[in-house]
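In case you want the letters, here they are:
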Amino acid sequence: MLELSRITAGYDRRAPVVREVSLTVGAGRSVGLLGPSGCGKSTLARVAALLHRPDSGTVVIDGVPVRGWRHRAPREQRTAFGVVFQQPRLAADPRMRLADLIAEPLRATGRRDEAAAAVAGLAGRVGLSRELLGRRPHEVSDGQLQRACLARALVLRPRWLICDEMTAMLDASTSAALVAAVETYRAESGAGLLAVGHDSVLLNRWCDETVHWDELPRESRSGV
Ligand SMILES: Nc1ncnc2c1ncn2[C@@H]1O[C@H](COP(=O)(O)OP(=O)(O)OP(=O)(O)O)[C@@H](O)[C@H]1O
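In the nomenclature of an unreviewed UniProt entry, the chain is known as ABC transporter ATP-binding protein of Streptomyces hiroshimensis. Recorded in UniProt under Sequence similarities (unreviewed entry), the annotation for the chain is "Belongs to the ABC transporter superfamily."

Encoded structure:
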């Protein structure tokens, strides 16, 4: 279970963008989070993925409370998450070939020897040819780069996936292929998913449950 309780977070402690928000995703479940631009969905998603330390509140991952974010998070918790962002070009090192980009989390965790087999397997799943794996980000389309970013998010076989507007910049067929790759992985691994987006049709079709930002429990507002 991924439990976010009474999270307050932002970029200026005096004016947090997320205030006392709670959200729970059951083990193996998928939750779609909808909301207007700028309301704080990505910030909350980054808190959940241990990439952004909240000002207050608690995160509990599979029963273990989080005590540190980013480099302060224990490796076991950090690697429990695979994260895909909206803009692959901001999330990919422009110098790396796609094969190296996908394998990067394995290298960072001392598992370099697994890279070749893992990349070959994942490339098939996300629909990247061998030729594309040898190219650098500026030599591929946004959709092809996002396929590589999804493969990178799956390479450590995470228990949780956070997809923050993963398909926002993509055409319908690439979006469908990426959603299908996520769901195939979830079906075999039992991983849970938090998918953030604007597209209620897509999220309703994709996820077990969708919640709107304005409907999330806020203990302070209800007077607790
Ligand atoms: N690095 C940052 N520094 C300062 N403010 C930021 C930063 N990132 C986001 N913000 C601000 O925090 C607020 C919430 O942003 P966030 O990206 O979480 O919203 P969102 O709901 O995901 O929006 P969108 O749907 O447009 O992606 C916005 O007002 C945004 O301008």
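Taking 1.5 Å of rise per residue, twelve residues should cover 16 Å, and helix H5 (residues 115–126) covers 16 Å from first to last C-alpha, within 8% of that figure. Taken together, the buried positions of H5 are Val119, Leu122, Ala123 and Val126. Taken down its axis, H5 places every buried residue within 110° of arc, on the same side. Turned more than 90 degrees away from the buried face of H5 sit Ala117 and Gly121, all of them exposed. Looking at the packing, one finds that the buried side of H5 touches helix H4 (98–108), helix H6 (130–133), helix H7 (142–154) and helix H8 (172–189). Directly beyond the C-terminal end of H5, a positive phi value near 80° is found at Gly127.

This part takes up the site of the ligand. Around the ligand sit Tyr11, Val17, Gly35, Ser37, Gly38, Cys39, Gly40, Lys41, Ser42 and Thr43, and those are all the residues in its vicinity. Here the shell around the ligand is built from residues that sort into three nonpolar, six polar and one charged.

Attention shifts here to H8. Here H8 contains 18 residues, and its C-alpha end-to-end distance of 26 Å stays within 8% of the 26 Å for a straight helix at 1.5 Å per residue. Residues of H8 that are buried make contact with H7, strand E7 (160–164) and strand E8 (192–197). Downstream of H8 by one or two residues, Gly190 has phi in the positive range, about 75°.

Pairing between sheet strands relies on hydrogen bonds along the backbone, with the strands arranged either parallel or antiparallel. Strands sit in the order E6-E7-E8-E3-E9 across an open sheet of five strands; the sheet is parallel. Of all strands in the sheet, those bounded by a partner on one side alone are strand E6 (81–84) and strand E9 (209–212). Here the strands of the sheet are splayed against their neighbours by 15° on average, with no regard to which way each runs. Across the sheet, helix H1 (residues 41–48) touches strand E3 (30–34), E7 and E8, and the angle it forms with E8 is around 160°.

Read from one edge to the other, the open sheet built from four strands follows the order E2-E1-E4-E5, with strand pairing classed as antiparallel. If you trace the sheet from one side to the other, it starts and ends with strand E2 (18–25) and strand E5 (64–65), each paired once. Two elements, strand E1 (residues 2–9) and E2, share five bridges in a ladder whose sense is antiparallel. Opposite Ala9, over in E2, you have Val18 as the bridge partner. The strands touched by H1 within the sheet are E1, E2 and strand E4 (56–61), with E1 carrying the most contacts at an inclination of about 125°.

Attention shifts here to the domain arrangement of the chain. Size of an interface, as often reported, equals the accessible area lost when the parts are brought together. Structurally, the chain comprises domain 1 (1–80 + 158–224) and domain 2 (92–153). Each of domain 1 and domain 2 was reduced to a C-alpha centroid, and the two centroids are 24 Å apart. Listed by partner, the interface residues are eleven residues for domain 1 and ten residues for domain 2. Among the elements that take part in the side of domain 1 that touches domain 2, H8 stands out by supplying five residues, more than any other. When the residues that make up the side of domain 1 that touches domain 2 are grouped by side-chain class, the tally is seven nonpolar, three polar and one charged.

Glancing now at the confidence of the model for the chain. Mean pLDDT for the chain: 94, with 97% of residues reaching 70 or above. Here the predicted complex carries an ipTM of 0.94, next to a pTM of 0.93.

Let's shift gears to the packing of H4 against H5. At a minimum axis distance of 9 Å, the contact between H4 and H5 shows a crossing angle of 130°. The angle between the axes of H4 and H5 places the two elements in the oblique class. Of the two elements, H4 crosses H5, and the hand of that crossing is right-handed. Contact residues: H4 offers Ala99, Ile102, Ala103, Leu106 and Arg107, while H5 offers Ala115, Ala118, Val119 and Leu122. Residues belonging to the contact of H4 with H5 are distributed by class as follows: eight nonpolar, no polar and one charged.

Rules of the game
Residues numbered from 1 in each chain as written. Predicted model: local features only at pLDDT ≥ 70, side-chain atom pairs only at ≥ 80, totals over all residues. UniProt positions renumbered as here; feature names shortened; annotations may be inferred. Helix = DSSP H or I, 4+ residues; strand = E, 2+ residues; numbered from the N terminus. Expected span 1.5 Å × (residues − 1). Buried ≥ 20, exposed ≤ 12 C-beta atoms within 10 Å, placed from the backbone. Arc of directions from axis to C-beta. Contact = placed C-beta atoms within 7 Å. Near = placed C-beta within 6 Å. Nonpolar A, V, L, I, M, F, W, Y, C, P; charged D, E, K, R; others polar. Pairing = 2+ DSSP bridges. Axes fitted to C-alpha atoms, helices over the stretch in contact; angles between N-to-C directions. Domains from an automatic or database assignment. pLDDT = per-residue confidence, 0-100. Parallel < 35°, antiparallel > 145°, perpendicular 65-115°, else oblique. Left-handed = near helix turned anticlockwise from the far one by under 90°.

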